[in-house]
Amino acid sequence: MNYQTYPYFGEEHHMYRETVRSFAKNELAPHAEEWEEARIFPREVFEKMGEMGFIGARYPEEHGGSGGDIWHTAVFAEEMPHCGMAGLTMSLLVQMEMCTPVIHEIGSDEQKREFLEPAIRGEKIGALGISEPDAGSDVAGIRTRAERDGDEYVINGQKTWITNGTRADFIVLAARTDTDPEMRYGGISLFTFPTDVDGFEVTRKLRKLGNHSSDTAELHFDDCRIPARYRLGAEDAGFYHIMENFQGERLVGALTGIGGAQIALDETIEYVKDRNAFERPLTGFQVIRHRIVDMQTELEAARNLNYRATDLFDRGLDAQKEISMAKLKAGETAMDVVDECLQLYGGMGYVEEGPIARTWRDTRLLSIGGGTSEIMKEIISKLMPLR
Ligand SMILES: Cc1cc2nc3c(=O)[nH]c(=O)nc-3n(C[C@H](O)[C@H](O)[C@H](O)COP(=O)(O)OP(=O)(O)OC[C@H]3O[C@@H](n4cnc5c(N)ncnc54)[C@H](O)[C@@H]3O)c2cc1C
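Parameters and conventions
Residues numbered from 1 in each chain as written. Predicted model: local features only at pLDDT ≥ 70, side-chain atom pairs only at ≥ 80, totals over all residues. Buried ≥ 20, exposed ≤ 12 C-beta atoms within 10 Å, placed from the backbone. Helix = DSSP H or I, 4+ residues; strand = E, 2+ residues; numbered from the N terminus. Domains from an automatic or database assignment. Contact = placed C-beta atoms within 7 Å. Core = buried A, V, L, I, M, F, W, Y, C linked by C-beta atoms within 7 Å.

1. Side note on helix α7 (residues 109-120)
Every α-helix winds through 3.6 residues per turn, so residues three or four apart in the chain are directed the same way.
Working step 1: The set of residues buried in α7 consists of Gln111, Lys112, Phe115, Leu116, Glu117, Ala119 and Ile120.
Working step 2: Residue Gly122 follows α7 closely and has a positive phi angle near 80 degrees.

Quick look at the structure:
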């Protein structure tokens, strides 16, 4: 795949792409079997990626970042799937683009020093705690409670599906600060929650269909006391910040999905060129060539939608519709492509040690995590003149 012709990337992005690709292929991919089997990867990977400047690529230098832009994130999301572990990629992207942006945008200087900067260095692992057993798509339905008591908040409740949850040092946590039913959207606040407080417990590590190298946890909060200064932004303004934060989260999800599917297709093309049946390579059959053309065309369309959404986001324009479209299209296209690739591998596609089985399982998450395809359609429909 040649990314050189897209106008969004400059020379520094191309060089960054080479660095991320080579790190993913040479330093991470050789461990894929082991870390997938272990259902977690070593903590040192965060530190190494902090040292390499990946985690802070687009954060300002004053916080330990490299001062890059959203196109560095795009490059990272597209190239990391070369490591062969969507789980590890997701864990890193949670750290880079899902739990830290809101600290950077609305956190106090103290919160930046205590949580953002060590996260950029890879010394602290972060998580984003929004989903609950009874509230996933319906964020405003969360019930975890944060009650003010003097200079502290007392937190009680439960979270689930939390990526990095078994070993996070801090969680960007959503909790209800107003229980008035009239305040469904307006009664939620965000906090930087350090996980070493009394009453916090990791109650379960979830066994998942895919993304095995990342840990996903169920968490319990029982009278956890945190200083009031750990609130992020104004009280009761959390829902708005969560929706803002979702934009970056969904964008990187979309970019990773199309980047990963492109890698799967490139590898499949090499396979079908070499694989013979009926005394000719598989690419000797027009039907196979046409299927590959269809896949590449769909990927190209989805990639351009991703880039359009990234460009709007980069320029600070309202990109909600385009980002939702990009995530919707990426989730569905990536799954279609990877499924078709699996078919082209034949029996090799169905064996665990083959080149596509893990990618196939991992890709299924894209139309669920960070907002389902149905929720993307709901958002898009509200932004169209349908009523
Ligand atoms: C591997 C993994 C990692 C995750 N990581 C995190 C994390 O780090 N932090 C975090 O907070 N969350 C995380 N999540 C949670 C994820 O964001 C939610 O699973 C997702 O938002 C869907 O919520 P739900 O599972 O409660 O499904 P539900 O909301 O129960 O939805 C079930 C089905 O109903 C559909 N549906 C719901 N509402 C509507 C509607 N209005 N119209 C039409 N259809 C509808 C949905 O699309 C879906 O198909 C993770 C999930 C997974 C699987």
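Picking up where we left off.
2. Observations regarding the domain arrangement of the protein
Working step 1: Each assigned domain of the protein is listed with its residue range as follows: domain 1 (11-120), domain 2 (126-236) and domain 3 (240-382).
Working step 2: Centre-to-centre, using C-alpha coordinates, domain 1 lies 21 Å away from domain 3.
Working step 3: Across the boundary between the two partners, domain 1 contributes 20 residues, which contact 15 residues of domain 3.
Working step 4: Going through the elements one at a time, α4 (70-79), α5 (86-98) and α6 (101-106) are the ones with two or more residues in the side of domain 1 that touches domain 3.
Working step 5: Top contributing element to the side of domain 1 that touches domain 3 by residue count: α4, with six residues.

3. A word on the nonpolar core
Working step 1: Ranked by internal contacts, the top residues of the largest apolar core, which has 102 residues, are Val172, Phe191, Val337 and Cys341.
Working step 2: Counting residues per element, this core draws most heavily on helix α8 (residues 238-274), at 13 residues.

4. Some details on the environment of Leu28
Working step 1: For Leu28, the position within the fold is in helix α1 (residues 11-28).
Working step 2: Separated by 29 residues in the primary sequence, Leu28 and Ala57 place their C-alpha atoms 19 Å from one another.
Working step 3: In this structure Leu28 touches Phe23, Cys83 and Leu88, once residues within four positions along its chain are discounted.

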